[in-house]
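So you can see what is in the structure, the chains are spelled out below.
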Amino acid sequence: MILKIRHSQAAIKQLRLLFAAIGLMFCSFAAQALTQAQALAISVGENDDRVAALTQALATPDPALSRLIDALLDDTAKVVSGKVLIVTSDKTTDAATGQETTAPDNAEDIVNNNRLRRELESAKAALGLFSDNVETRTAAITELRASADEKKLPLIDRALAQESDVALQARLQQLRAAMLIASSDRNKRLEAATALASSSQPTVKSLLQGRLAAGVETDPEVRAALTTALRNIESRLAWGERLGVVFSGLSLGSILFLVALGLAICYGLMGVINMAHGELMMIGAYATYVVQNAFRQHFPAAFDYYILAAIPVAFAVSALVGAALERTVIRWLYGRPLETLLATWGISLMLIQLMRTIFGAQNVPVENPSWLSGGWEVLSNLTLPYNRIAIVFFAFMVLILVYVLINKTRLGLFVRGVTQNRTMASCMGVNTARIDMYAFALGSGIAGLAGCALSQIGNVGPDLGQGYIVDSFMVVVLGGVGQLAGTVYAGLGLGVLNKLLEGWTGAVLAKIIVLVFIVVFIQRRPQGIFALKGRSAES
């Protein structure tokens, strides 16, 4: 009997604890819920009072607060009879309870100035720290870093306590330190300066520079810690800037050698100074534009893959135009370089006017597929655009294909034979006229591929080729006439050199220095980086 009583008492005690826990849980939920008074304090009143009420509500965020902030930013929140309503085109809801209601005629609009909008946007970002989406939390941290405020420190601590991603934990720690750097407590500022020394964010650099301004931070020890942290951050950011310059140089160099690759074949084989090479590239870019419009109109579901169809189309159209030019004009001018230069220059003007007649004088837009939009964030201050990364890989793929064609195929054997000794190749039965046409069409097709690639990083217009023809000739002459390896080295070298000099001297002076360097180099080594090999190379 005594045992039964004891068991009953234990059971009653457990039930009491359970009900108490449930009661506490409901109380905590009720404490976290947005009240009518809080919604009204956030929506109307003096600016300082509204900001204070918003900060207080952020300490216990809930979905109702998120809805209210969105409504205030979208200007759909109204106030009437001490209540805040969210009025949209289809329904009206109470901002605090979320219950649907009717919209009264006397509801007043809520006015938010620029300061309040900044606070609301910051609060919206703070609420994003508790999202289930990692990208949303990452974007929230990035936005909060731009407006670090010690008042949001409890919210950061709460987000840090429940954050499971290690990388985001580190970023939250740095965000917390950025908020403490302006604290009135000297020890907190010193701790924050030490914590920020491991950062590599440009925003943290700007924050430290602001703290080190005259009259801001007066404590000598804290200033020394801030100076050390700033020096460490600048060292890390310098690497991002250097890598960015190198990538920009490689990107420009890959474009240069892709443009010059076709010219190297034409100029090296036939000695033709083709001033219309840039316009053949422009034709490839317009072919890409036409394919894009065709996919948008007839195959909208496959629009992201239009570039895969545009590549062979750009090559084929430019190659056909090049073959037609060689058969009708250029074949009659071999051995007369001045006449060839003047004739191809006239052809370039005709092609420019033809494109203006067909497509108009204004530039036409060519969109990137979704998988070529955006970029890869390598460092905090270094983002590599996907379209430029793709162009670098595309240029090297074209180079590999041309190398295989020239060195591993029968056509390539004939091309090399005609290049080295045209007379002997003709005596051996090679149809040199046909090889000239094939080679010129190949070079023109490669120019079309260059135009297809360039359409992904800029607008397409009739004057697209004019900005690359001089640079492509410089690449060909510097690398060695008819030498693919020389074209690659010269293109990449000039691209990197040009970007390095731009950072020191500016774009115009950098071009002049590069031109002077090429002139001096050709004076010392007329054959270029790589010289032609063959019986008639010297001739």
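What you see is a predicted model, and the numbers here were worked out from it, not measured in a lab.

Undergrad: Help me understand the overall build of the protein in this model?
TA: Each helix and strand counted, the protein has 21 helices and seven strands in total. Sorting the 539 residues of the protein into buried and exposed places 41% on the buried side. Pairs at least 24 apart in sequence give 70% of the contacts found in the protein among residues at least 6 apart. Looking at the protein as shown, the accessible area adds up to about 28300 Å², and 61% of this sits on carbon and sulfur atoms.

Undergrad: Even after reading the chapter, I still don't get empty space enclosed by the protein, so can you show me in this structure?
TA: Empty space among the atoms becomes apparent when a probe as large as a water molecule is rolled across them. Summed over all chains, the structure comprises one cavity of 30 Å³ or more. Around the largest cavity sit I42, R50, V51, L54, L116 and L120, which together line it. Counting residues per element, the ones that place at least two in the lining of the largest cavity are α3 (47-58) and α5 (114-127). A total of three residues in the lining of the largest cavity trace back to one element, the largest contributor, which is α3.

Undergrad: What's the story with the packing of aromatic side chains in this structure? I'm lost.
TA: Each aromatic ring pair is described using two quantities: the centre-to-centre distance and the angle formed by the ring planes. For the structure shown, the criterion picks out five aromatic pairs. Note on Y286 and F359: the rings are 4.5 Å apart at their centroids and 20° apart in plane angle, and the pair reads as stacked. You can see Y286 sitting in helix α12 (residues 277-298) and its partner F359 sitting in helix α14 (residues 337-359), a full 73 residues away along the chain. What makes F359 partly exposed here is its relative accessible area of 26%. Grouped by ring-pair contacts, the aromatic residues Y286, Y289 and F359 constitute a single cluster.

Undergrad: What is the right way to read the side chain of E326 from this model?
TA: Inspection of the secondary structure assignment puts E326 in helix α13 (residues 306-328). Sequence-distant contacts of E326, that is, excluding residues within four places in its chain, are made with R331, Y334, D436, M437 and F440.

Undergrad: Honestly, the side chain of S472 in this entry has me stumped. Any pointers?
TA: Examined against the element boundaries, S472 turns out to sit in helix α19 (residues 469-479). A polar side-chain atom of S472 sits 2.7 Å from the main-chain carbonyl oxygen of I469.

Undergrad: Would you explain the confidence of the model for the protein in this entry?
TA: Detailed reading of the predicted model is not advised wherever pLDDT is low. Chain-level pLDDT for the protein is 79 on average; 89% of the residues reach the 70-or-more range. Averaged pLDDT values over the elements of the protein bottom out at 43 in helix α1 (residues 2-32) and peak at 93 in α13. Low pLDDT (under 50) marks residues 11-32, which in the prediction has four contacts with non-local residues, meaning those over four places away or in another chain. Counting contacts from residues 534-539, a segment whose pLDDT is below 50, to residues more than four positions away or on other chains yields six contacts.

Undergrad: When you look at the sheet that holds strand β4 (residues 100-101) in this model, what are you seeing that I'm missing?
TA: Sheets are built from strands paired through backbone hydrogen bonds, the pairs being either parallel or antiparallel. Strand order in the open sheet made by the five strands is β4-β3-β2-β1-β5, with antiparallel pairing throughout. Where the open sheet ends on each side, the last strands, each with one partner, are β4 and β5 (108-109). Direction of pairing for strand β1 (residues 77-80) relative to β5: antiparallel, over a ladder of two bridges. Across the sheet, K78 pairs through a bridge with D109, a residue of β5. This element, helix α2 (residues 36-43), spans β1, β2 (83-87) and β3 (92-94) of the sheet and lies at about 75° to β2. Against the sheet, helix α4 (residues 63-74) engages β1 and β2, with an angle of about 70° to β2.

Undergrad: What is the right way to look at the pattern of salt bridges in this model?
TA: Side chains bearing opposite charge may pair, as long as their charged atoms lie close to each other. Within the structure shown, the criterion is met by six salt bridges. With its nearest N and O atoms 2.8 Å apart, the salt bridge here joins E367 to R296. Linking E367 in the loop between α14 and β6 (375-379) with R296 in helix α12, this pair joins segments that are 71 residues apart in sequence. Since its relative accessible area comes to 36%, R296 is described here as partly exposed. Residues participating in the shared-partner salt-bridge network are R186, D219 and E221.

Undergrad: How should I be thinking about the nonpolar core in this particular structure?
TA: Within soluble globular proteins, side chains that are nonpolar tend to cluster in buried spots. Counting 58 residues, the largest nonpolar core has I42, L65, L68, I69, L129, L172 and L208 as the members making the most contacts within it. With sequence-adjacent residues up to four places away left out, I69 is seen in contact with L54, L120, A123, K124 and L127. Among the nonpolar cores identified, the runner-up in size contains 40 residues, and F257, A276, I347 and L484 belong to it.

Undergrad: What is the right way to read the pairing of β6 from this model?
TA: Bridge count for β6 against strand β7 (residues 382-385) is four bridges, and the pairing is antiparallel. Bridge pairing in β7 places L379 opposite L382. Between β6 and β7, which pair antiparallel one after the other, the connecting turn spans two residues.

Undergrad: Would you take a moment to explain α3 for this structure?
TA: The α-helix winds at 3.6 residues per turn, so residues separated by three or four positions along the chain end up facing the same way. With 12 residues, α3 should cover 16 Å at 1.5 Å per step; its first-to-last C-alpha distance of 17 Å lies within 8% of that length. Of the surrounding secondary structure, the elements contacted by the buried residues of α3 are α2, α4, α5 and α7 (153-162).

Undergrad: For this particular structure, what's the right way to read the packing of helix α15 (residues 386-408) against helix α18 (residues 432-454)?
TA: Think of two packed helices as two axes; the pair is described by the angle between the axes and how far apart they sit. Put simply, α15 and α18 touch, their axes get as near as 11 Å, and they point 170° apart. Taken together, the axes of α15 and α18 lie roughly antiparallel to each other. Between α15, through I391, F394, V398, V402 and L405, and α18, the contact on the second element is made entirely by L442, I446, L449 and A453.

Undergrad: Is there a simple way to explain the environment of V460 in this structure?
TA: Note on placement: V460 falls in the loop between α18 and α19. Through-space distance from the C-alpha of V460 to that of A285 is 6.4 Å; in sequence the pair is 175 residues apart. The contacts of V460, once residues within four sequence positions are left out, are A285, Y286, N363, V364, V366 and S455.

Undergrad: So what exactly am I meant to see when it comes to the pairing of β1 here?
TA: Note on strand geometry: in a regular strand, side chains alternate between the two faces of the sheet. Bridging between β1 and β2 involves four bridges; their strand directions are antiparallel. Within β2, the residue paired with A77 across the bridge is I86. Between β1 and β2, which pair antiparallel and follow one another directly, the connecting turn spans two residues, one of which, S81, has a positive phi of 55°.

Undergrad: Quick question: what am I supposed to make of the packing of helix α20 (residues 484-505) against helix α21 (residues 507-524) here?
TA: In contact at an axis separation of 8 Å, α20 and α21 are set at 135° when each is read in the N-to-C sense. By the angle between their axes, α20 is oblique relative to α21. Our pair here, α20 against α21, has a crossing hand that is right-handed. Contacts from L494, L497, N498, L501, E502 and T505 in α20 reach A507, L509, A510, K511, I513, V514, F517 and I518 in α21. Its residues assigned to classes, the contact of α20 with α21 shows 10 nonpolar, two polar and two charged.

Calculation criteria
- Residues numbered from 1 in each chain as written.
- Predicted model: local features only at pLDDT ≥ 70, side-chain atom pairs only at ≥ 80, totals over all residues.
- Heavy atoms only, no water.
- Helix = DSSP H or I, 4+ residues; strand = E, 2+ residues; numbered from the N terminus.
- Buried < 20%, exposed > 50% of the residue type's maximum accessible area, 1.4 Å probe, protein only.
- Contact = heavy atoms within 4.5 Å.
- Areas by Shrake-Rupley, 256 points an atom, 1.4 Å probe, with all protein chains shown as cover.
- 1 Å grid on protein atoms, 1.4 Å probe; cavity = no way out; pocket = protein on both sides within 12 Å on 5 of 7 lines; lining within 4 Å.
- Points joined across faces, edges and corners; volume = space filled by probe spheres on them.
- Phe/Tyr/Trp six-rings, centres within 6.5 Å; stacked < 30°, edge-to-face > 60°.
- Polar contact = N/O pair within 3.5 Å; in protein donor to acceptor, adjacent residues only side chain to side chain.
- pLDDT = per-residue confidence, 0-100.
- Pairing = 2+ DSSP bridges.
- Axes fitted to C-alpha atoms, helices over the stretch in contact; angles between N-to-C directions.
- Salt bridge = Lys/Arg side-chain N within 4 Å of Asp/Glu carboxyl O.
- Core = buried A, V, L, I, M, F, W, Y, C linked by side-chain atoms within 4.5 Å.
- Expected span 1.5 Å × (residues − 1).
- Parallel < 35°, antiparallel > 145°, perpendicular 65-115°, else oblique.
- Left-handed = near helix turned anticlockwise from the far one by under 90°.
- Nonpolar A, V, L, I, M, F, W, Y, C, P; charged D, E, K, R; others polar.

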